[in-house]
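Here is what each chain is made of, one letter per residue.
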Amino acid sequence: MAGWIAQRLVSAAIVVLGVACLVFALIHLVPGDPVDVMLGQSAQPADRAALRTSLGLDAPLDVQLGRYLDRLAHLDLGRSLHSRRPIAELLRERLPATAELAGAALGVTLVLALPLGIIAAVRRDTPWDYGATGFSLLGVSIPNFWLGPVLILVFSLWLGWFPVSGREGAGSVVLPAVTLGTAMAAILSRMVRSSLLEVLGEDYIRTARAKGLGFRAVVLRHALGNALLPIITLLGLQLGVLLAGAVITETVFAWPGIGLLTVEAIKQRDYPVVQACVLVISLTYVVVNLLTDLVYGWVDPRIRLAGRS
Amino acid sequence: MRVALPGLILLGWALMALVGPALASDSNALHLAHILGGPSPAAWLGYDDLGRPVMQRLVVGARTSFLVAVGVVSLSATLGTFIGSVSGYLGGRWDRFLVLVIDIFLAFPGILLAIALAGILGPGIDNVVLALTVVGWVGYARLARAQVLSVQHRDHVLAARALGASRWRIMMRHLLPLISAPLIVEATFGVAGIVIAEAGLSFLGLGVQPPAASWGSMIRDGTRYLLVAPHLVLAPGIAMLLVVLAVNLLGDRLRDHLDVRSRTRRF
């Protein structure tokens, strides 16, 4: 087990290093001179030189990469060009909003996906199943930047139940969370359905039913527990999609999280902030995937023992 | 029916893209008397905030999304299939390196890298295609590699190798036809993903620039007038929803037809 964990940690560390290198490369993809793009053509030569030095763009590429990784290792993300504040501070300010949104969206996902998936599996090939299939097809086909405005139109402007945008009061998280959680619920409900169907065909389920156990006990206690493994994995993988989706959802609802910070920084050509946001979101994704992997290996010995045979 | 309706929708989409400019010659004309006007016999879908006919803007937007979707899917599927099959077939050091590259790209969640790339490269349809291709090839590469690994030890491949066929010939003639079914299914679903991604980038202001139209930028512009002119958001959204639904439905049918996934047992 320890060897398996070490192996996963090493490969995650290599991926993290690769991600950092790719994020470093982003600023060099700016067409022309990044300093020109950030400051404009009319900037004073002294200002341009100062920015070039502060970004370290005057050094050779390998030295720049070395310095960048060194700063990252010391958790120094640099300063915003726009507000001149340390980027780590900006991220710390925005993190709670994104965490709140992601948590609420995850809640919406589970509340929608579990019942839908269970009903679709248990009542396979009935109108219930078709309804759940229809929901999931719609869910993956509706983009969040359209669902968001439509929800605002109906529930904020027409019915007046929730605020249009911003993060004030408990109700303000509802519409963004539903917007972000729907697509994920659509995918997860399919997974719950297929995973549960797989388990329901097993012998021990027949035994449980033959013992005379009630339908609810068989499905909820015996089947769902074993069907949870692939569901947990998918949740881990989908959390990344959720974080990326937050960039657009936060823009729709002016929700002051890391996603909105990313879009604002792109508009202000504040590239160090863009780099930091992409890095932080991607690293969160890598860590979540690693944890999912470890949990999965811990729960299911077949995974961690697979490498030995 | 299950193929006919989605097929018709996609045919309409492709037609709008191909002959669109002839249909929508008026798409940038300003009708100041009709600003934010609702649907009427003269303009089925009403007018936008500058008095431009929404129907014609929709046709131009269809062209944008079609060109980007076809461009990105063909580029990324070709590139990804090539890299993935070379990686799987050659094995060894090359394979380990390419798998690492694939893993690194997969560590960027969803559309995030494309948003950052499009933001840094600057707006424009070329950069949208570039950004989405850079992100998109990875899925095809992973799939192609896995497929090649599973079929490369089949007898006919060994026979071809024994006959002295070159690696290139084996890959093109003996492996590619075998691994193409799941890749075609992946590419079909890929079209739906790219339509949404292009509109998403345009929604953030990173796609095509005004006065050109994209369904995403139409939705973004429309959100400012949500209460007085909801048709500005509803029309492009429903058009996109129809196309994406049609692609997903066809993808499902194609997957069943090619029997890519094994069937689950009945309860």
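Asker: Quick one: what's the story with the interface of chain A and chain B, residue by residue and with numbers?
Answerer: Each partner contributes residues to the interface: chain A has 44 residues there, and chain B has 38 residues. Those elements that provide at least two residues to the side of chain A that touches chain B are α1 (2-26), α6 (127-141), α7 (144-158), α8 (174-200), α10 (215-253), α11 (258-267) and α12 (271-299) of chain A. Broken down by element, the side of chain A that touches chain B gets its largest block of residues, eight residues, from α10(A). Residues that form the side of chain A that touches chain B fall into these classes: 34 nonpolar, eight polar and two charged.

Asker: Break down the environment of Leu204(B) for me, citing the residues and quoting the values.
Answerer: The topology assignment puts Leu204(B) in the loop between α7 (167-203) and α8 (215-222). Given 24 C-beta atoms within a 10 Å radius, Leu204(B) is considered buried. Among residues more than four places away in sequence, those in contact with Leu204(B) are Ile248(A), Thr251(A), Val263(A) and Ile115(B).

Asker: I'd like to hear about the packing of helix α6 (residues 155-162) of chain B against α7(B), residue by residue, with values.
Answerer: Residues and elements named next belong to chain B. The interhelical angle for the contact between α6 and α7, taken along N-to-C directions, is 155°, at an axis separation of 10 Å. Overall, the two elements α6 and α7 adopt an arrangement that is roughly antiparallel. In this structure, the crossing between α6 and α7 has a hand that is right-handed. Here α6 contributes His156, Val157, Ala160 and Arg161 to the contact with α7, which in turn contributes Ile170, His174 and Leu175. Split by residue class, the contact of α6 with α7 holds four nonpolar, two polar and one charged.

Asker: Tell me about the nonpolar core, and name the residues and values.
Answerer: Ranked by internal contacts, the top residues of the largest apolar core, which has 153 residues, are Leu196(A), Cys277(A), Leu112(B), Ala114(B), Ile115(B) and Val195(B). Looking at which element gives the most residues to this core, the answer is α10(A), with 15 residues. What Cys277(A) contacts, discounting residues up to four positions off in sequence, is Ile258(A), Leu261(A), Thr262(A) and Ala265(A).

Asker: An account of the packing of α11(A) against α12(A) is needed here, citing residue identities and associated values.
Answerer: Between two packed helices, what matters for the description is the angle formed by their axes and the separation of those axes. Residues and elements named next belong to chain A. Running from amino to carboxyl end, α11 crosses α12 at an angle of 150°, the nearest separation of the two axes being 8 Å. In terms of orientation, α11 and α12 fall into the roughly antiparallel class. Note on packing geometry: the crossing formed by α11 with α12 is left-handed. Of α12, the residues touching α11 (which contributes Ile258, Leu261, Thr262, Ala265 and Ile266) are Val273, Val274, Cys277, Val280 and Ile281.

Thresholds, definitions, all that
- Residues numbered from 1 in each chain as written.
- Chains lettered and ligands numbered in written order.
- Predicted model: local features only at pLDDT ≥ 70, side-chain atom pairs only at ≥ 80, totals over all residues.
- Contact = placed C-beta atoms within 7 Å.
- Helix = DSSP H or I, 4+ residues; strand = E, 2+ residues; numbered from the N terminus.
- Nonpolar A, V, L, I, M, F, W, Y, C, P; charged D, E, K, R; others polar.
- Buried ≥ 20, exposed ≤ 12 C-beta atoms within 10 Å, placed from the backbone.
- Axes fitted to C-alpha atoms, helices over the stretch in contact; angles between N-to-C directions.
- Parallel < 35°, antiparallel > 145°, perpendicular 65-115°, else oblique.
- Left-handed = near helix turned anticlockwise from the far one by under 90°.
- Core = buried A, V, L, I, M, F, W, Y, C linked by C-beta atoms within 7 Å.

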